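# Analysis of the macromolecular model
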Amino acid sequence: MNILHISTARTWRGGEQQIAYLINELRQLPNLNQQVICTRGSAMHHYCKKQGIDHIAQTKAFTFNPFFAHKIKQVCKQNHIDIIHAHDPHAHQFAVIAADVFANPTPIVVSRRVDFAIQNSRYTLHKYNHRQVKKIICVSKAIEEIMAQSIDDKTKLCTVYSGIDVSRFNQIASNSLKEQYNIPANALLIGNVAALAPHKDYFTFIDTAQLILDAGINAYFFAIGEGELHQQLHTYSQQKGIADRVIFAGFRNDVPAILPQLNVFLITSTTEGLGTSILDAFVCRVPVVATAAGGIPELIQHQQTGLLANVKDAKALANAVVSLLNDAHLQQQLIDNAAVFVQQFTKAATAKHTLNIYQQVLTNN
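A few points on the structure. It should be emphasised that the depicted structure is a prediction, and the values quoted were computed from it without experimental measurement.

Applying the stated criterion across every chain, the model contains nine aromatic pairs. Measuring from centroid to centroid gives 5.2 Å for Phe-203 and Tyr-236, while their planes differ by 80°, and the two rings are edge-to-face. Taken together, the positions of Phe-203 in helix 8 (residues 202-214) and Tyr-236 in helix 9 (residues 230-239) put the pair 33 residues apart, joining distant regions of the chain. Ring centres of Phe-341 and Phe-345 lie 5.2 Å apart, and the angle between their planes is 45°; this geometry places the pair in the tilted category. Since its relative accessible area comes to 3%, Phe-345 is described here as buried. Every member of this aromatic cluster is reached through a ring pair, and the members are Tyr-161, Phe-282, Phe-341 and Phe-345. The cationic tip of Arg-112 hangs over the ring face of Phe-116; the distance from NZ or CZ to the ring centre is 5.4 Å. The side chain of Arg-245 reaches across the aromatic face of Tyr-220, ending 4.4 Å from its centre.

A few words now on helix 12 (residues 314-325). When the terminal C-alpha atoms of helix 12 are compared, their 16 Å separation across 12 residues agrees well with the 16 Å that a helix rising 1.5 Å per residue should span. Inspection of helix 12 places Ala-314, Leu-317, Ala-318, Ala-320, Val-321, Val-322, Leu-324 and Leu-325 among the buried residues, and these make up the whole buried set.

Packing of helix 1 (residues 14-26) against helix 14 (residues 347-364) leaves a shortest axis separation of 9 Å and a crossing angle of 75°. The angle between helix 1 and helix 14 falls in the class roughly perpendicular. For the pair helix 1 and helix 14, the contacting residues are Gln-18, Tyr-21, Leu-22, Glu-25 and Leu-26 in the first and Lys-347, Ala-348, Thr-350, Ala-351, Thr-354, Leu-355 and Tyr-358 in the second. Across the contact of helix 1 with helix 14, the residue classes break down as seven nonpolar, three polar and two charged.

Calculation notes
- Residues numbered from 1 in each chain as written.
- Predicted model: local features only at pLDDT ≥ 70, side-chain atom pairs only at ≥ 80, totals over all residues.
- Heavy atoms only, no water.
- Phe/Tyr/Trp six-rings, centres within 6.5 Å; stacked < 30°, edge-to-face > 60°.
- Helix = DSSP H or I, 4+ residues; strand = E, 2+ residues; numbered from the N terminus.
- Buried < 20%, exposed > 50% of the residue type's maximum accessible area, 1.4 Å probe, protein only.
- Lys NZ or Arg CZ within 6 Å of the ring centre and 35° of its normal.
- Expected span 1.5 Å × (residues − 1).
- Axes fitted to C-alpha atoms, helices over the stretch in contact; angles between N-to-C directions.
- Parallel < 35°, antiparallel > 145°, perpendicular 65-115°, else oblique.
- Contact = heavy atoms within 4.5 Å.
- Nonpolar A, V, L, I, M, F, W, Y, C, P; charged D, E, K, R; others polar.

Worth remembering: the numbers are spatial, not functional.
Right, here's the structure in full:
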């Protein structure tokens, strides 16, 4: 089996990590060859070079770049590619252009990671209902249900949950967050690991932090990640009068070592495909309070594996955190249940399910 992965993102976020996990798991199998077409100079380009993954770095230039699409056709023909796996919307678009403009006959599998409806435009509907698109892999049932509204052939839709690398969390912290940021030993740590992007809704995170502090909880709040909203969020925390309690830690390459130091993992997203950072918290035995956005309720079973609140409901989120901190029995129950639940979300399981889909496409093609 010959697989061509297409990734056009320039940065490295959760989707790119999932691609890396998938490729590395499938590399262990005999009689399966993989190539990657990625954007020149992107994080994926550098990753492929470092890991020795067979790849082609192509200039993306613009959304409808015919040269990128033509390269897909060339690679498919020269390397007898059996399946194209398009991992993001632009990758999907280039694969469809390769089929429409350059008559590339290779079947396409598309990954869908975001939990909002596709645009109701003629071209977008054509792209997702294209004859060469044989499967659309959704990272949660919530996304599959949303996609079903726009897909003519519902049998194309399937769910494969993202997986995590449990072995990442065997690290020992080189230093503690409390020492690094001069936080008193008796203070609690509440945090989130996510890009400072609009859909992660750190404004509600800050609102929730204020309410928790108003309730008399001695806590510090960590926003671990980078993003375009950094300055706005810092200013907002100042306006709320809690800038000394909200720490913008930026990008950290030691998350597996520092995540277990949190007393509560608080995720306040407005949209979320699945939320693999929640799985990371599960492995680290950190109780989770989250919004019921997108696929999150497929991970957080309320009062079983975590606590849920409505999107943007800072008051409910704060009440959940406070009640959790005041109930040691509930904390232990959530931690123990989540530790068992997370065992089904490994990167090996994700790769196995994805391989099954490849085999279905080849069998039916």
